[in-house]
Amino acid sequence: MTMSEVKVIVRRNRPGTKGAEFCKWPEEPFEEMDSTLAVQQWIQQTIRRDPSNITAILTPPETQDEEVWKYEHLRQFCMELNGLAVKLQSECFPETCNQMTATEQWIFLCAAHKSPKECPAIDYTRHTLDGAACLLNSNKYFPSRVSIRESSLGKLGSVCRRVYRIFSHAYFHHKTLFDDFEASSHLCRRFTSFVMKYNLMSRDNLIVPNMEDGATDAPPAVTETASTPTTTTTTTKVTPVTGNTTESEA
Ligand SMILES: [Zn+2]
Ligand SMILES: [Zn+2]
């Protein structure tokens, strides 16, 4: 047997890989994944096997550090949310969705600017995903993928809260598109289970209905007072011409 006949498994998509062959390599046991990216590799492998099996995807391998587990899942969510953002670009325009809204209650301010501002929904989506990617890749806050600094853990919750609004905008304003995306990715359902499991968002903020394991069956009733803001939240009240109270939050 010559060297060229020895079968080496390369778990990588080489340039020119056909769509049908994408990521089509044999699975590998967690113990045998020996790079620093093992956790990401494991998560992606479990998603590929069955994206609808949320429990399997969110169950860490034994002895897995929980903080790294949460961090790697959040990275994965942001990557996959880019897929939803690409779809949104075909029907979410600044002219039609000139503010980031979901239900009537909130206008979400974009935190990607020096002072939070009202970006159109599609710009909010791009700016927020860019901001999340910058933060999660930042050497200052997340210099390692093997251990997470205690002081950076608080960042995970605010990333979750901000990117979740992309799901809620899509659900309440682009329902068909949302349903299509969700049917194949199960991403909102997985995200909802994830933030509930690790207590990364308050239940009241999970406004997309029927996400089974996770959120409420119906959007929470409109209240006129904002919940106590955390240190990273700016809550201001604006009164639109209709006279109803609308709250905005970054
Ligand atoms: Zn829109
Ligand atoms: Zn913005």
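Residues numbered from 1 in each chain as written. Chains lettered and ligands numbered in written order. Predicted model: local features only at pLDDT ≥ 70, side-chain atom pairs only at ≥ 80, totals over all residues.

K.L.:
Help me understand the overall build of the protein chain in this model?
P.N.:
Check the secondary structure of the protein chain and you find 7 helices and 3 strands. For the protein chain, the α and β elements follow one another from N to C terminus as α-α-α-β-α-α-α-α-β-β. Within the protein chain, the proportion of its 250 residues that are buried is 30%. Long-range contacts, defined as pairs at least 24 residues apart, comprise 59% of the intrachain contacts of the protein chain with a sequence gap of at least 6. (Helix = DSSP H or I, 4+ residues; strand = E, 2+ residues; numbered from the N terminus. Buried ≥ 20, exposed ≤ 12 C-beta atoms within 10 Å, placed from the backbone. Contact = placed C-beta atoms within 7 Å.)

K.L.:
Please clarify how the packing of helix 4 (residues 121-136) against helix 5 (residues 153-173) should be interpreted in this entry.
P.N.:
Working note: a packed helix pair is described by the angle between its axes plus the distance between those axes. Where helix 4 meets helix 5, the closest approach of the two axes is 10 Å, and the angle between their N-to-C directions is 155°. Taken together, helix 4 and helix 5 sit at an angle that is classed as roughly antiparallel. Judged by the sense of rotation from one axis to the other, the crossing of helix 4 with helix 5 is left-handed. Where helix 4 abuts helix 5, its residues Ala-121, Thr-125, Thr-128, Leu-129, Ala-132 and Leu-135 lie against Lys-155, Val-159, Arg-162, Val-163, Ile-166 and His-169. Of the residues belonging to the contact of helix 4 with helix 5, the class tally is 7 nonpolar, 3 polar and 2 charged. (Axes fitted to C-alpha atoms, helices over the stretch in contact; angles between N-to-C directions. Parallel < 35°, antiparallel > 145°, perpendicular 65-115°, else oblique. Left-handed = near helix turned anticlockwise from the far one by under 90°. Nonpolar A, V, L, I, M, F, W, Y, C, P; charged D, E, K, R; others polar.)

K.L.:
Honestly, unusual backbone geometry in this entry has me stumped. Any pointers?
P.N.:
When glycine is set aside, most residues are seen to have a negative phi, and most peptide bonds are trans. Phi is positive for Cys-23, close to 55°, though the residue is something other than glycine. Looking at the element boundaries, Cys-23 is found in the segment before helix 1 (38-49). Here the phi dihedral of Thr-63 falls at roughly 70°; this positive angle occurs in a residue that is not glycine. Relative to the elements of secondary structure, Thr-63 occurs in the loop between helix 2 (54-58) and helix 3 (66-88). Judged by local crowding, Thr-63 falls into the exposed class, with 6 C-beta atoms found within 10 Å.

K.L.:
It is not clear to me how the packing of helix 3 against helix 4 should be interpreted in this structure. Could you clarify?
P.N.:
For the pair helix 3 and helix 4, the least separation of the axes is 10 Å and the interaxial angle reads 155°. By the criterion of interaxial angle, the relationship of helix 3 to helix 4 is roughly antiparallel. Our pair here, helix 3 against helix 4, has a crossing hand that is left-handed. Along the contact surface, helix 3 presents Leu-74, Arg-75, Cys-78, Leu-81, Asn-82, Ala-85 and Leu-88, while helix 4 presents Ile-122, Thr-125, Arg-126, Leu-129, Ala-132, Ala-133 and Leu-136. Along the lines of polarity and charge, the residues of the contact of helix 3 with helix 4 split into 10 nonpolar, 2 polar and 2 charged.

K.L.:
Please clarify how the environment of Arg-162 should be interpreted in this entry.
P.N.:
With respect to the helices and strands, the residue Arg-162 is situated in helix 5. With 23 C-beta atoms packed within 10 Å, Arg-162 lands in the buried category. For the pair Arg-162 and Ala-111, spaced 51 residues apart in sequence, the C-alpha to C-alpha distance is 8.6 Å. Every residue in contact with Arg-162, bar those within four places of it in the chain, is listed here: Ala-111 and Thr-128.

K.L.:
What should I look at first to understand helix 7 (residues 187-197) in this one?
P.N.:
Side chains three or four residues apart in an α-helix point the same way, a direct result of the helix having 3.6 residues per turn. The element helix 7 is extensively covered by neighbouring structure, given that 8 of its 11 residues are classed as buried. Within helix 7 the residues assigned to the buried category are Cys-188, Arg-189, Arg-190, Phe-191, Thr-192, Ser-193, Phe-194 and Val-195. Elements that come into contact with the buried residues of helix 7 comprise helix 2, helix 3, helix 5 and helix 6 (175-185). Once helix 7 finishes, Asn-199 follows within two positions and takes phi at roughly 55°, a positive value.

K.L.:
Hey, could you run me through the environment of Cys-119 in this one?
P.N.:
Within the element layout of this structure, Cys-119 appears in the loop between strand 1 (106-108) and helix 4. Taking the C-beta count within 10 Å as the criterion, Cys-119 has 22 such neighbours and is therefore assigned buried. Once the C-alpha coordinates of Cys-119 and Phe-108 are considered, the two residues, 11 residues apart in sequence, prove to be 8.5 Å apart. Dropping the residues within four chain positions of it, Cys-119 is found in contact with Met-100, Cys-110, Tyr-124 and His-127.

K.L.:
What exactly am I supposed to notice about the confidence of the model for the protein chain here?
P.N.:
Detailed conclusions should not be drawn from predicted coordinates in areas where pLDDT is low. Residues with a pLDDT of 70 or more make up 83% of the protein chain, whose mean pLDDT is 86. Contacts for the low-pLDDT stretch residues 214-245, under 50 throughout, to residues beyond four places or in other chains number 41 contacts. (pLDDT = per-residue confidence, 0-100.)

K.L.:
Teacher, can you tell me more about the nonpolar core here?
P.N.:
For soluble globular proteins, nonpolar side chains are generally found buried alongside one another. Counting 46 residues, the largest nonpolar core has Cys-160, Val-163 and Phe-167 as the members making the most contacts within it. Those elements giving two or more residues to this core turn out to be helix 3, strand 1, helix 4, helix 5, helix 6 and helix 7. Considering every element that reaches this core, the biggest residue donor is helix 5, with 9 residues. Contacts of Cys-160, omitting those with residues within four sequence positions, involve Leu-74, Val-195, Leu-200 and Met-201. (Core = buried A, V, L, I, M, F, W, Y, C linked by C-beta atoms within 7 Å.)

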